[in-house]
Amino acid sequence: MPSDIDDAGEQRLHPVSILFSFAGSLKKFALPGLLLLITGGGSMGGPDGRFGRLPPNIELWLMVLLIPAALIAVFQYLAFRLRYAGDELVIRSGFIFRNVRHVPYTRIQNLDAVQNIFHRLLGVTDVRVETGGGKEPEATISVLPMAAFHEMRRRVFERRVSAGLEGAVRLEPPFDFAQGGVGVSRTPDATGVAPNATAGAPARTLLHLDLRDLLLFGFLENRGLVVIGAVYGVLWEIGFLDGFWGGLFDEESYGRGIVRDVLTTLGNRRLLSLAQAGVLVSGVIGLLLFVRAVSMGWAVVRLFGFRLLRIGEDLRTDYGLLTKVSATIPLRRIQTITIREGPLFRLLKRVSVRVETAGGGGASQNSAAASGREWLAPLLRTAALPALVNEVLPELHLAGLQWQPATARAFRRAVKPRLAAAVGLSIGAAFVLRWWAAPLATCLIAWSVLAAWQYVRHLGWAETTEVIAFRSGWLWRSVTVARVAKIQSVALIETPFDRRAAMARVRVDTAGASERSHRVEIPYLPRDLAASLQLRLAAAAAATEFRW
Amino acid sequence: VNNEASLADGVSRRLDPRYISLQRKTGWIIAAVLASGSWMIALVGWLAEPSRGRLALSAAAWLIGNGLLMWHVHRWPPIEHRHTSYRLDDRVIEIHRGVYWRRVINVPRSRVQHTDVSQGPLERTHGLGTLVVYTAGTDHAKVELPGLAYETALAIREHLLTRGTSDAV
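What counts, and where the lines are drawn
- Residues numbered from 1 in each chain as written.
- Chains lettered and ligands numbered in written order.
- Predicted model: local features only at pLDDT ≥ 70, side-chain atom pairs only at ≥ 80, totals over all residues.
- Heavy atoms only, no water.
- Salt bridge = Lys/Arg side-chain N within 4 Å of Asp/Glu carboxyl O.
- Core = buried A, V, L, I, M, F, W, Y, C linked by side-chain atoms within 4.5 Å.
- Buried < 20%, exposed > 50% of the residue type's maximum accessible area, 1.4 Å probe, protein only.
- Helix = DSSP H or I, 4+ residues; strand = E, 2+ residues; numbered from the N terminus.
- Contact = heavy atoms within 4.5 Å.
- Pairing = 2+ DSSP bridges.
- Axes fitted to C-alpha atoms, helices over the stretch in contact; angles between N-to-C directions.
- Patch = residues over 30% accessible without salt bridge, like charges linked within 9 Å, V, L, I, M, F, W, Y side chains within 5 Å.
- Areas by Shrake-Rupley, 256 points an atom, 1.4 Å probe, with all protein chains shown as cover.
- Expected span 1.5 Å × (residues − 1).
- Bend = angle between axes of the 7 residues up to and from the residue.

A.B. asks: So what's going on with the pattern of salt bridges? Residues and values would help.
C.D. replies: In total, this model carries 30 salt bridges over all chains according to the counting rule given. Measuring nitrogen to oxygen at the nearest pair gives 3.2 Å for the salt bridge that ties B:Arg87 to B:Glu94. One continuous salt-bridge network, built from bridges that share partners, spans A:Arg505, A:Arg507, A:Asp509, A:Arg519, A:Glu521 and B:Asp139.

Below you can see the structure in the form of structure tokens.
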């Protein structure tokens with residue numbers, strides 16, 4: 001092997017990695033200097049430059065910064081060590097801040113070799129070790145000789161096979177240089193199930209949304225404001241709207257000056273004339289209808305021809321008018337399922353179902369489903385829900401869940417922040433509206449009490465040996481179910497308010513969850529109950545082996 | 001191996017007491033940087049508009065602000081130490097932390113993707129290390145446990161990574 005292995009069995013990087021690392025800094029620091037040298041153009045500094053106060057040829061001086069960069073490159077090279085221990089890869093790095101990383105072979109999802117033209121000329125490669133979860137590779141090894149990469153791949157997969165992981169490990173043929181540019185060689189995912197294992201299975205349509213469904217969905221979901229906001233932002237950027245607001249507020253425009261008139265009338269605390277009020281009300285109704293119409297358009301464009309298929313052990317969704325999406329969701333990769341319904345959904349007996357999947361190696365070929373939230377059924381008849389759930393998570397029996405309500409003391413907790421916000425708003429309004437603020441304050445406070453009461457009333461959680469479920473929301477209700485076997489960690493969180501009331505919240509962490517998604521995070525649990533729930537869930541999760 | 005077996009006994013453990021002095025030193029460094037920075041600002045402010053009242057005012061503010069900071073830097077680490085602990089058994093690692101906002105994180109051993117043990121220069125002089133546990137989750141994808149004796153950090157790492165046949169379902 002070209003790279004030197006010392007007595008401890010540790011392997012270094014290829015010495016040219018100093019060059020690659022330095023070249024990386026060069027790109028950041030030295031481009032201006034190089035430009036100056038090559039073009040011979042004027043300096044930014046000096047008496048003739050644009051920034052006259054800077055010394056002449058400042059670009060050249062900036063290159064002094066490259067000396068530390070070069071030193072860092074050398075030290076990084078000297079400090080970096082790689083070792084194949086019994087069943088793990090050990091990576092040692094850092095000179096001042098030292099770090100030792102142990103990556104078990106069984107956890108490695110992907111071993112990617114990334115080569116650009118210079119790598120190829122020198123016969124070396126960047127190696128990315130991915131174990132999943134994070135967005136970035138868990139280790140980027142820059143650079144190893146090609147032979148060392150093959151050695152690493154051999155060792156990692158040899159160990160994995162002997163560790164009893166099912167599935168044949170395919171070693172892919174060496175790089176497809178025809179790709180041009182950057183070549184990436186990817187080994188199959190750790191679960192060993194080839195992505196096309198179920199390719200031969202017949203496809204079964206579980207759900208198809210026709211145009212009527214999509215229009216209804218758009219109407220119910222009401223994304224109109226988001227779309228309008230986005231369009232507005234774009235128009236604002238290109239200066240399209242300059243005339244628009246002028247038209248609304250301009251002194252000279254008569255018909256469209258309605259907004260100004262209403263504002264001045266309200267500002268002077270006079271009552272609106274009947275005509276003004278009529279125009280105002282119809283304007284508001286018109287706007288609401290317009291927003292809904294935009295939302296319907298959005299739904300049709302985004303989800304056109306939505307179809308949910310089951311192919312063997314995979315689900316597939318196909319949709320889109322302009323951007324066509326075809327996402328494969330392997331059933332075993334589903335981490336959580338979220339069922340959501342708004343007030344109008346309930347009226348029409350419809351729900352909306354999403355799942356969260358974990359990326360991991362193999363899924364990244366499926367672009368959209370690589371990681372994150374996926375529509376399973378944007379719009380589904382409530383009656384059809386059990387059948388779909390049975391298809392996706394056979395271990396979950398929604399009707400059979402024993403929902404535990406929030407404690408009676410939860411209302412007092414929930415109402416306080418809402419009341420505080422309502423009182424704060426009322427005080428603010430009192431400065432502007434004077435006595436008119438009194439009815440407003442009454443409404444706000446009544447609303448906050450009602451909202452808190454309803455929120456607590458609809459809180460609930462349920463636990464079985466297979467899943468943990470959490471529901472919340474009053475007008476917009478969501479139920480999220482996480483599989484116990486997919487729980488990554490369980491946290492118990494106590495704020496000072498929680499501690500005063502001897503309460504805690506339990507948060508279940510899963511792969512693939514996003515900021516916006518409804519999570520299993522159960523608030524206002526009695527402290528003891530929360531602690532025992534946490535222990536139970538963690539123990540149940542520990543008893544299962546996580547598989548992507 | 002003996003050490004490892006004794007660690008995974010389900011008993012809750014405090015961090016190494018040396019971590020208190022390490023945190024104090026880190027605190028002093030930060031406090032010194034802030035103090036000199038704020039001194040510069042106060043000086044420039046005074047030079048821009050020199051007057052005796054202003055001098056007294058900024059000197060007092062500087063002294064009180066930095067005094068409070070120093071006091072906090074000295075007093076806080078032992079309080080935090082009292083509220084931080086970890087617990088290991090054959091299935092999970094549990095970390096308690098937080099003085100006002102408390103948090104208990106429970107990571108099953110079978111969910112540990114990989115681990116780091118890192119050591120900065122100050123940690124090295126105190127014989128301490130930081131254990132970082134990575135899971136495939138989102139909120140707690142990276143769980144850090146600083147302030148362990150370096151050997152303890154290594155032992156916990158060994159314990160987390162040694163997987164018997166029991167947890168391979």
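Once you've had a look at it, read on.
A.B. asks: If you had to explain the nonpolar core to someone new, which residues and values would you point to?
C.D. replies: All names here are of chain A. Of all hydrophobic cores here, the largest spans 41 residues; its most connected members are Ile337, Val353 and Leu376. Counting residues per element, this core draws most heavily on strand 15 (residues 372–381), at five residues. When neighbours within four sequence positions are excluded, Ile337 is seen to be in contact with Val353, Arg354, Val355, Leu376, Val389, Leu393, Leu396, Val479, Thr480 and Val481. One finds Val490, Val508, Tyr524 and Leu525 within the second-largest nonpolar core, a separate group that totals 31 residues.

A.B. asks: Describe the sheet that holds strand 4 (residues 98–104) of chain A, naming the residues involved and giving the relevant values.
C.D. replies: Taken in spatial order, the seven strands line up as 1(A)-2(A)-3(A)-4(A)-5(B)-6(B)-7(B) in an open sheet, and their pairing is antiparallel. Where the open sheet ends on each side, the last strands, each with one partner, are strand 1 (10–11) of chain A together with strand 7 (142–149) of chain B. Alignment of strand 4 of chain A against strand 5 (residues 114–119) of chain B, held across five bridges, turns out to be antiparallel. Within the sheet, the bridge partner assigned to A:Val100 lies in strand 5 of chain B and is B:Val117. Strand contacts of helix 5 (residues 150–161) of chain B: strand 3 (88–93) and strand 4 of chain A together with strand 5, strand 6 (128–134) and strand 7 of chain B, with the helix running at about 175 degrees to strand 5 of chain B, the strand carrying the most contacts.

A.B. asks: Explain a nonpolar patch on the surface to me, using residue names and the numbers behind them.
C.D. replies: A contiguous nonpolar patch, built from A:Trp61, A:Val64, A:Ile67, A:Leu71, A:Val74, A:Phe75, A:Leu78, A:Phe95, A:Ile96 and A:Phe97 and spanning about 1000 Å² of accessible area, is present on the exposed surface. Positionally, A:Leu71 belongs in helix 4 (residues 66–79).

A.B. asks: How would you sum up helix 3 (residues 52–82) of chain B? Please name residues and give values.
C.D. replies: All names here are of chain B. Taking 1.5 Å as the rise per residue, helix 3 with 31 residues should run 45 Å; its terminal C-alpha atoms sit 46 Å apart, in good agreement. Taking the largest bend as the criterion, helix 3 deviates by roughly 30 degrees, centred on Trp76, and proline Pro77 comes between one and four positions later. Check the buried side of helix 3 and you find it contacts strand 1 (12–14) and helix 2 (18–48).

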